[in-house]
Amino acid sequence: MNITLIRCLLWLCVAVQAAFFFFAWTTFAPAIGSMTIDVTANGVSTATKLGLTTAQRALGAALAALPVLVLGYGLWRLDRLLLNFRRQDLFTPQSVAHLRAFAGATLAATLLSIVEPPLRTLGWWLITGVKSPLQIGLTGEQAMLILVCGLFYLVTRMMQEGGRLAQENEGFI
């Protein structure tokens, strides 16, 4: 697959994430013709979203922004890695660092997205005093993403070793 196409899809993913974040924490609802699309945050119904106070909405958006920003950083590092691959810098320390940072940021964003809903609920308890159920959950997708991030760390170790072997081979020639 073409690296330019992958980079375009990567930045499309970033734009979609930003749009979903915006619509999840505002009262705007995108519409296609007469059909309205309700976008809400994880664990927040449309009715709950529309009933939030400004302080609750601000707190929810601030907490939800953390995983989005961390993931954005990781995707930026993935973009840097793809640029290195385009230059054929496959096993350089910079490429390894980019892949490791992408895996670490994706792992951190996933873990933050798991703890964000209960933290949001606790924050809303403090603001309103109304105690709603405190829930924490782990989806199959999140568990798989954690596993894949661990696998990427192993791949970075193999890339480091490949770079070391390439340098060693250059020394013999």
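Residues numbered from 1 in each chain as written. Predicted model: local features only at pLDDT ≥ 70, side-chain atom pairs only at ≥ 80, totals over all residues. Heavy atoms only, no water.

A. Focus on the overall build of the chain. Each helix and strand in the chain was counted, giving 5 helices and 2 strands. Each helix and strand of the chain, ordered N terminal to C terminal, gives the series α-β-β-α-α-α-α. Expected size for 173 residues packed as a compact globule is a radius of gyration near 16 Å; at 20 Å, the chain overshoots this value by more than 25%. Considering only C-alpha atoms, the chain reaches an extent of 70 × 35 × 25 Å along its principal axes. Buried residues in the chain amount to 30% of all 173 residues. The contacts in the chain between residues at least 6 apart in sequence include a share of 70% that link residues at least 24 apart. (Helix = DSSP H or I, 4+ residues; strand = E, 2+ residues; numbered from the N terminus. Rg over C-alpha atoms; globule rule 2.2 N^0.38 Å. Buried < 20%, exposed > 50% of the residue type's maximum accessible area, 1.4 Å probe, protein only. Contact = heavy atoms within 4.5 Å.)

B. Just the layout of surface pockets, in detail. Estimated volume of the largest pocket: approximately 790 Å³. Taken together, 29 residues form the lining of the largest pocket, with Gln 17, Pro 67, Val 68, Leu 71 and Ser 113 sitting closest to its centre. The greatest single-element share of the lining of the largest pocket, amounting to 8 residues, is contributed by helix α4 (residues 93-128). Broken down by class, the residue content of the lining of the largest pocket amounts to 18 nonpolar, 8 polar and 3 charged. Approximately 450 Å³ is the volume attributed to the second largest pocket. The dominant element in the lining of the second largest pocket, judged by the number of residues it contributes, is α4, at 8 residues. For the lining of the second largest pocket, a count of residues per class yields 10 nonpolar, 12 polar and 1 charged. (1 Å grid on protein atoms, 1.4 Å probe; cavity = no way out; pocket = protein on both sides within 12 Å on 5 of 7 lines; lining within 4 Å. Points joined across faces, edges and corners; volume = space filled by probe spheres on them. Nonpolar A, V, L, I, M, F, W, Y, C, P; charged D, E, K, R; others polar.)

C. Region of the structure containing the side chain of Arg 120. When you line up the elements, Arg 120 lands in helix α4. Look at Arg 120 and you get buried, because its relative accessible area is 2%. Among the polar contacts made by the side chain of Arg 120, one reaches the main-chain carbonyl oxygen of Asn 42 at a distance of 2.9 Å. If near-sequence neighbours (up to four positions away) are discounted, Arg 120 is found in contact with Trp 25, Ala 41, Asn 42, Gly 43, Val 44, Leu 59, Gly 60 and Leu 63. (Polar contact = N/O pair within 3.5 Å; in protein donor to acceptor, adjacent residues only side chain to side chain.)

D. How the structure looks around the pattern of salt bridges. This model, assessed by the stated rule, comprises 6 salt bridges. With a closest N to O distance of 3.6 Å, Asp 89 and Arg 87 form a salt bridge. Owing to a relative accessible area of 28%, Asp 89 belongs among the partly exposed residues under this scheme. One continuous salt-bridge network, built from bridges that share partners, spans Arg 7, Asp 79 and Arg 80. (Salt bridge = Lys/Arg side-chain N within 4 Å of Asp/Glu carboxyl O.)

E. Seen up close, a nonpolar patch on the surface. Side chains of Leu 5, Leu 9, Leu 12, Val 16 and Phe 20 sit close together on the surface and give an oily, nonpolar patch of about 440 Å² of accessible area. Along the chain, Phe 20 falls in helix α1 (residues 3-25). (Patch = residues over 30% accessible without salt bridge, like charges linked within 9 Å, V, L, I, M, F, W, Y side chains within 5 Å. Areas by Shrake-Rupley, 256 points an atom, 1.4 Å probe, with all protein chains shown as cover.)

F. Structural view of unusual backbone geometry. The backbone of Gln 88 shows a phi angle near 65 degrees, a positive value even though the residue is not glycine. With respect to the helices and strands, Gln 88 occurs in the loop between α3 (54-86) and α4.

G. Quick peek at the packing of aromatic side chains. In this structure the tally under the stated criterion is 4 aromatic pairs. Arranged with centres 5.2 Å apart and planes meeting at 70 degrees, the rings of Phe 22 and Phe 23 form a pair that is edge-to-face. In this structure Phe 22 comes out as partly exposed when scored by relative accessible area, which is 40%. The partly exposed category is assigned to Phe 23, whose relative accessible area is 22%. Taking the centre distance of 6.0 Å and the plane angle of 35 degrees together, the rings of Tyr 73 and Trp 76 count as tilted. Here Trp 76 and Tyr 73 lie together in helix α3, a separation of 3 residues that amounts to about one turn. An aromatic cluster is built from Phe 22, Phe 23 and Phe 28, whose rings are joined through pairwise contacts. (Phe/Tyr/Trp six-rings, centres within 6.5 Å; stacked < 30°, edge-to-face > 60°.)

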